[in-house]
Each structure stands twice: as C-alpha cells, then as structure tokens.
Amino acid sequence: MPDRIFMPLCALVALAMIAFSMVWPQGYGARSPEPFGSTPIQQTPEMKALIEKEKAAARRSEQRRAQEAATAAAASGDTAQ
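Residues numbered from 1 in each chain as written. Predicted model: local features only at pLDDT ≥ 70, side-chain atom pairs only at ≥ 80, totals over all residues. Heavy atoms only, no water.

S.K.: How should the overall build of the chain be read in this particular structure?
M.R.: Broken down by element type, the chain carries two helices and zero strands. By the burial criterion, 6% of the 81 residues in the chain qualify as buried. Surface summary for the chain: the accessible area is close to 7,100 Å², and the carbon and sulfur share equals 65%. (Helix = DSSP H or I, 4+ residues; strand = E, 2+ residues; numbered from the N terminus. Buried < 20%, exposed > 50% of the residue type's maximum accessible area, 1.4 Å probe, protein only. Areas by Shrake-Rupley, 256 points an atom, 1.4 Å probe, with all protein chains shown as cover.)

What follows is the structure, encoded as structure tokens:
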C-alpha cells in the first residue's frame with residue numbers, strides 16, 4: 001500500500017481511537033473525569049453491600065469446611081486406633 005494512503009489512514013484511525021476512548025464506558029474501574037464519567041457499578045452502596053455479604057458467606061463456608069475436615073480427621077484417627 002502506498003505511503004500516501006497508509007499514513008493518512010493511520011492518522012485517521014489514531015484520532016478515531018482517541019475520540020472513542022474519551023466516551024467509551026469505563027467499566028468497573030475508577031471513575032473517569034467529568035463530563036464523561038459515571039459512578040462505577042461496584043462503587044454503588046447496593047453493590048458494596050452485596051460484595052460484603054458474599055465475602056461473609058464465603059468466610060463462613062470456608063470455616064465450616066475446615067471444621068468438618070478437622071472433625072473428619074479426628075474421627076478417622078479415633079477409629080484407626
């Protein structure tokens with residue numbers, strides 16, 4: 001492809017990418033600056049409460065599994081003797 005076509009095309013693509021990045025949704029990361037930014041979903045109070053609830057449930061589940069494993073190990077140790 002000749003440079004007379006390729007270089008302007010590259011510049012046009014670069015400008016389009018820069019413009020597109022300014023208005024693209026920011027996802028779950030940090031809030032982008034005004035006027036384009038909005039509060040990310042994971043930073044809303046409802047989502048924070050849900051995340052904490054899931055973390056607590058995971059901790060309880062892990063503690064229960066550890067307790068069951070300890071109980072099973074103790075029971076198998078008693079029956080082996």
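S.K.: Before we go on, may I ask you to explain the pattern of salt bridges in this structure?
M.R.: Where charged atoms from two side chains of opposite charge approach closely, those side chains can pair. Here the structure, examined in full by the defined rule, presents three salt bridges. Arg65 is the salt-bridge partner of Glu62, the closest N and O atoms lying 3.0 Å from each other. With Glu62 and Arg65 both in helix 2 (residues 45-80) and three residues apart, the pair spans about one turn of that helix. With its nearest N and O atoms 3.6 Å apart, the salt bridge here joins Glu68 to Arg64. Of this pair, Glu68 and Arg64 both sit in helix 2, separated by four residues, roughly a single helical turn. (Salt bridge = Lys/Arg side-chain N within 4 Å of Asp/Glu carboxyl O.)

S.K.: Sorry if this is basic, but what is going on with the environment of Val23 here?
M.R.: Locating Val23 in the fold gives a position in helix 1 (residues 3-23). Judged by its relative accessible area of 52%, Val23 is exposed. A C-alpha to C-alpha distance of 9.3 Å links Val23 and Pro35, two positions twelve residues apart in sequence.

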